[in-house]
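Structural overview for review
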Amino acid sequence: MAEIDYEVEYNNRARVPENPALMAGWARDSAAYREQHPPRRLTYGPGSRNTIDLFEGNSEGPLVVFIHGGYWQALDGSSSSHCARGLNAHGVSVAVPTYDLCPNVTVGDIIGQMRAASRELAKLGRPLVVSGHSAGGHLAACMLATDWPAYDASLPRNLVRAAYAISGLFELEPLVGTSVNKALGLDRAAARAASPLFWTAPEGSTLDAVVGGNESAEYHRQSRTITDVWGKAGVTTRFGLVSDANHFTAIAPLADPDSPMVLRLKELTQI
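Below you will find a few notes about this structure. (Residues numbered from 1 in each chain as written. Predicted model: local features only at pLDDT ≥ 70, side-chain atom pairs only at ≥ 80, totals over all residues. Heavy atoms only, no water.)

1. What about the pairing of strand β6 (residues 160–166)?
As a general feature of sheets, a regular strand has side chains that alternate between the two faces. The buried fraction of β6 amounts to 6 of the 7 residues, a majority that puts the element mostly inside the structure. Of the strand pairs in this sheet, strand β5 (residues 128–133) and β6 are connected by 6 bridges, and their pairing is parallel. Pairing of V129 across the sheet is with A162, part of β6. Pairing between β6 and strand β7 (residues 206–212): 5 bridges, direction parallel. Across the sheet, the residue bridging to A163 is L207, located in β7. (Buried < 20%, exposed > 50% of the residue type's maximum accessible area, 1.4 Å probe, protein only. Helix = DSSP H or I, 4+ residues; strand = E, 2+ residues; numbered from the N terminus. Pairing = 2+ DSSP bridges.)

Written out as structure tokens, the structure reads:
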């Protein structure tokens, strides 16, 4: 078998040269949506990035969390405000947290920050469905697999009922030798420790892992592997494709109330 070129497989900006224009579109669409639907600002820690934008719906059911991507080293929640549009149209509230970035913090620190954000959202008294894109897909799986009573004895075991990971990364060791790791600073042990694929599978919960049809073979493998491994361990899993989508366009359906992606997330709030 030919050796896998992990740099080619995981360097999404090189794979999609038009990414600057696509991300500029996120920023424009997000700014427009914040003006149309101003969020409520919450904080979960002392840092300037320890914030959550809560886009309120009109229902009292479970809350959907959307965690932004950027390989744990770029962007913030304001680039993803438009991702609340589709679910808000159905009355579903969406929380969009921001976190500190590598190399100022570690991937493990970011996992901890998203746990703190989830604990803050738990104060609203509503269970969570956690979604996310790319690094955010990784973090969504981490939240699903967290032992919440061990983290905080006041939290219910099923605080996170389901996760919906878009273009997620669940095994981080392949990144160690790539340019992505310059900011992350992962060695193999740290990469494995931060890989939810190797954590105790959250039996009895639900995980959807979807990936753009035009993404690299490694991204497809990552999502297929976690749905297979966790599925055999008692998690209800589903692998899905966003047809004709690349790494940067895979989240576009979140802004469309009638997209299969939004309708599936709405369904996950009702399980």
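2. So, the environment of E171
Examined against the element boundaries, E171 turns out to sit in the loop between β6 and α8 (181–184). A residue is classified by how much of its surface remains accessible, and E171, at 16% relative accessible area, is buried. Taking C-alpha positions, E171 is 14 Å from W72, a pair spaced 99 residues apart along the chain. Those residues within four positions of E171 in sequence are excluded, and the remaining contacts are S195, L197, F198, R221 and Q222. Looking at E171, its side chain comes within polar contact range of the side chain of R221, at 3.1 Å. (Contact = heavy atoms within 4.5 Å. Polar contact = N/O pair within 3.5 Å; in protein donor to acceptor, adjacent residues only side chain to side chain.)

3. Considering the side chain of S118
As for its position among the elements, S118 is in helix α5 (residues 107–122). For S118, a relative accessible area of 4% puts it in the buried group.

4. Quick notes on helix α3 (residues 19–36)
An ideal rise of 1.5 Å per residue puts 26 Å on 18 residues; α3 measures up with 26 Å between its terminal C-alpha atoms. Taken residue by residue, α3 has N19, M23, G25, W26, S30 and Y33 as its buried positions. Buried residues of α3, viewed axially, fall in a sector of 145°; they line one side. Exposed residues pointing more than 90 degrees away from the buried face of α3 are listed as P20, A21, R28, E35 and Q36. Buried residues along α3 sit in contact with α2 (12–15), β2 (51–55), α4 (85–88) and β5. (Expected span 1.5 Å × (residues − 1). Arc of directions from axis to C-beta.)

5. Observations concerning the nonpolar core
If you look at the biggest cluster of nonpolar residues, it comprises 57 residues, and the most contacted ones within it are W72, Y99, V107, L172 and W230. At the level of secondary structure, the elements contributing two or more residues to this core comprise β2, β3 (63–67), α5, β5, α6 (135–144), β6, β7 and α10 (217–232). The contact partners of Y99, leaving out residues within four places of it in the chain, are Y44, R49, I67, H68, G69, W72, I110, Q113, M114, A135 and L139. With 28 residues, the next largest nonpolar core counts F66, V210, V262 and L265 among its residues. (Core = buried A, V, L, I, M, F, W, Y, C linked by side-chain atoms within 4.5 Å.)

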